[in-house]
Amino acid sequence: MATYICPYCFSKNKMTDVLFRCGNTNCPAEQDKKIALYETGNENSARLLGKVIAPSSKGFFSMPTDAVCPGCHEKSYKRICPQCHNELPREIDQHKGIIISVIGAKNTGKSHFIAVLIDQMRRYVSSSFNASFSPINTDHEKRYKNDFYTPLFASHRLLNSTVSGSTAQRPLIYAMTISDKSLFKRNNTIVYITFFDTAGEDLSDEDTMSTVNKYIGQSSGIIFLLDPMQIQDVRDKTDPAVVNASSGTDIKDLADPADILRRVCNLIRDANNLGDSEMIPIPIAATFTKIDALKPLLPPGCIVLEDSPHKSLHAFDQTDSDNIHAEIESMLSDWSGWDFPQQLSINFKKHAYFGLSALGKTPNGQSIDVIRPHRIEDPMLWLLSYHNVIPRNKK
Ligand SMILES: Nc1nc2c(ncn2[C@@H]2O[C@H](COP(=O)(O)OP(=O)(O)OP(=O)(O)O)[C@@H](O)[C@H]2O)c(=O)[nH]1
Ligand SMILES: [Mg+2]
Ligand SMILES: [Zn+2]
Ligand SMILES: [Zn+2]
């Protein structure tokens, strides 16, 4: 039986299992407990919305396209998720949904990464791949603006630490539409990409982490962020002022990335009924953030310091990616006492290392004047090429 995954609550549903919402403004609104629960965690918080309608016939294989409201007798085409009652992307039954999880310990740079990546994808990256990149509806557009874009790009302030359960923590869903101009095909491919900013503190405790387990378990790709300044060896060799501005001074309470990775592996195995010794088939991009702060420690001529080549190639440059992987792997072998690389290769079928900077430089206190991201798109493009959304180029 064909299934789809809700990009909001990450529940897996049968294709035939869908509800509708009445869109007639003259039809009395009703209290929607499921969406209230999803949005606020409390099903009794007020949330008046159009009536929820079950389709008259469920169909055998495909998703019903409409349903008639028993209240006003108007037809509705607005499909909603049977579990959380959020409006599903149009044509969810026909297009690929890709869930990208951004995971990392507290303060590794997840929120700044998402903020800058979305902006870059929208403005420069997608056009290099004949694609457009836009939020699936105005709610998502507003949330990106309020929680990420306005503070960082308009007010030039650093983003605050993400609060568990805040709106910044609800998934942001973007549609990437790729026009295929090849001779025989004139189809567009739409890929729905869900970003979910996991609060660092949720990952340091197994219980609260289970609230995000569906999301992580259903991921099509994982971007696992690592802060080089959270490695003691690197920290010791870096200018204390840079360490302080990039990662704070307190390293005692930081979660060990190998620990977080272990928990992520447990969640994925549980969600997908994988045995303890089975390798996880989800590609994982182990990505060092804040690479700007690492510059003085990197050997001259390092490829990770060069500009990202993929945009101008109009394809994912696998050779460049392989070189960076090798470069970072060799650096890691110099940084002692670090169990993360072993965990990664033991557990995941496919992994690659990346290095990037969201801001391009060390911030000055709480403010940042210009943002010059470096290689921010690399792990995302790797995952998109893995799923054959964009072409791959091997020189
Ligand atoms: N040097 C440098 N510092 C950065 C960069 N990106 C983020 N930072 C620093 O890292 C801090 C944490 O970044 P966030 O994006 O808030 O980290 P987070 O992983 O979302 O943190 P939590 O929400 O608390 O889990 C920022 O306040 C900056 O000081 C970067 O590209 N370069
Ligand atoms: Mg955050
Ligand atoms: Zn849902
Ligand atoms: Zn109605």
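Residues numbered from 1 in each chain as written. Chains lettered and ligands numbered in written order. Predicted model: local features only at pLDDT ≥ 70, side-chain atom pairs only at ≥ 80, totals over all residues. Heavy atoms only, no water.

Under an unreviewed UniProt entry, the name given to the protein chain is Double-GTPase 2 domain-containing protein, and the source organism is Methanofollis formosanus.

Broken down by element type, the protein chain carries 13 helices and 18 strands. Rg of the C-alpha trace for the protein chain: 22 Å, near the compact-globule value of 21 Å for 395 residues, within the 12% margin. With respect to the three principal axes, the spread of C-alpha positions in the protein chain is 70 × 55 × 50 Å. Each of the 395 residues in the protein chain was classed as buried or not, and the buried ones make up 52%. Considering only residue pairs separated by 6 or more positions, the protein chain has 72% of its internal contacts joining residues 24 or more positions apart. Only carbon and sulfur atoms are counted for the fraction: they give 49% of the accessible area of the protein chain, which is about 18500 Å². Of note, the protein chain has its 43 positive side-chain charges centred 7 Å away from the centre of its 45 negative side-chain charges. (Helix = DSSP H or I, 4+ residues; strand = E, 2+ residues; numbered from the N terminus. Rg over C-alpha atoms; globule rule 2.2 N^0.38 Å. Buried < 20%, exposed > 50% of the residue type's maximum accessible area, 1.4 Å probe, protein only. Contact = heavy atoms within 4.5 Å. Areas by Shrake-Rupley, 256 points an atom, 1.4 Å probe, with all protein chains shown as cover. Lys, Arg positive; Asp, Glu negative; His and termini not counted. Charge placed at Lys NZ, Arg CZ, Asp CG, Glu CD.)

What follows concerns the nonpolar core. If you look at the biggest cluster of nonpolar residues, it comprises 46 residues, and the most contacted ones within it are F113, L152, M176, I193, F195 and L384. With eight residues, helix α2 (residues 110-128) is the largest single contributor of residues to this core. Residues within four places of L152 in sequence aside, it is in contact with H112, A115, V116, R157, L158, L159, L359, I368 and I371. (Core = buried A, V, L, I, M, F, W, Y, C linked by side-chain atoms within 4.5 Å.)

Each pair of donors in an ideal four-coordinate tetrahedral metal site encloses 109.5 degrees, whereas pairs in an ideal six-coordinate octahedral site enclose 90 or 180 degrees. At 2.3 Å from the zinc ion (ligand 3) lie its protein donor atoms, namely C6 (SG), C9 (SG), C81 (SG) and C84 (SG). Angles of 105 to 113 degrees at the metal separate the four donor atoms of the zinc ion (ligand 3), which places the site in the tetrahedral class. All donors to the zinc ion (ligand 3) come from one chain, and their sequence spacing reads C-x2-C-x71-C-x2-C. Accessibility expressed as a relative area gives 0% for C6, which makes it buried. The exposure class of C9 is buried, given its relative accessible area of 12%. (Donors = N, O, S within 2.8 Å, 3.2 Å for Na, K, Ca; no water. Tetrahedral: all angles 85-135°; square planar, octahedral: opposite > 155°, others 65-115°.)

As for its placement among the helices and strands, F148 is situated in helix α3 (residues 138-154). Residues F148 and H112 lie 36 residues apart in sequence; the distance between their C-alpha atoms is 7.9 Å.

Let us look at the coordination of the magnesium ion (ligand 2). Those protein atoms acting as donors to the magnesium ion (ligand 2) are S111 (OG) and T162 (OG1), and they sit at 2.0 to 2.1 Å. Highlighted residues: S111 in helix α2 and T162 in the loop between α3 and β12 (172-179), separated in sequence by 51 residues. For the pair formed by S111 and T162, the shared burial category is buried.

As a further point, take the side chain of H374. Among the secondary structure elements, H374 is positioned in the loop between β17 (351-355) and α13 (378-386). For H374, a relative accessible area of 14% gives the class buried. A polar atom in the side chain of H374 sits 2.7 Å from the backbone oxygen of V304. In this view, H374 contacts I291, V304, L305, E306, D307, L356 and S357; residues no more than four positions away in its chain are not counted. (Polar contact = N/O pair within 3.5 Å; in protein donor to acceptor, adjacent residues only side chain to side chain.)

This paragraph deals with helix α11 (residues 318-334). Side chains three or four residues apart in an α-helix point the same way, a direct result of the helix having 3.6 residues per turn. The first and last C-alpha atoms of α11 sit 25 Å apart over 17 residues, in line with the 24 Å expected at 1.5 Å per residue. Every buried residue of α11 is accounted for by Q318, D320, S321, I324, H325, E327, I328, M331 and L332. N-cap assignment for α11: the residue whose side-chain oxygen lies 3.1 Å from the backbone N of T319 is D317. (Expected span 1.5 Å × (residues − 1).)

When its domains are assigned, the protein chain resolves into domain 1 (3-80) and domain 2 (96-393). The C-alpha-based centres of domain 1 and domain 2 are spaced at 33 Å. Residue-level contacts link nine residues of domain 1 with eleven residues of domain 2. A buried area of about 890 Å², summed over both sides, lies between domain 1 and domain 2, and 64% of it is on carbon and sulfur atoms. (Domains from an automatic or database assignment. Buried area = accessible area lost by both parts, 1.4 Å probe.)

Phi is positive for H73, close to 65 degrees, though the residue is something other than glycine. Phi angles above zero are rare outside glycine, and K290 is one such case at about 55 degrees. Here K290 is to be found in the loop between β15 (284-288) and α9 (291-294). Judged by its relative accessible area of 12%, K290 falls in the buried class.

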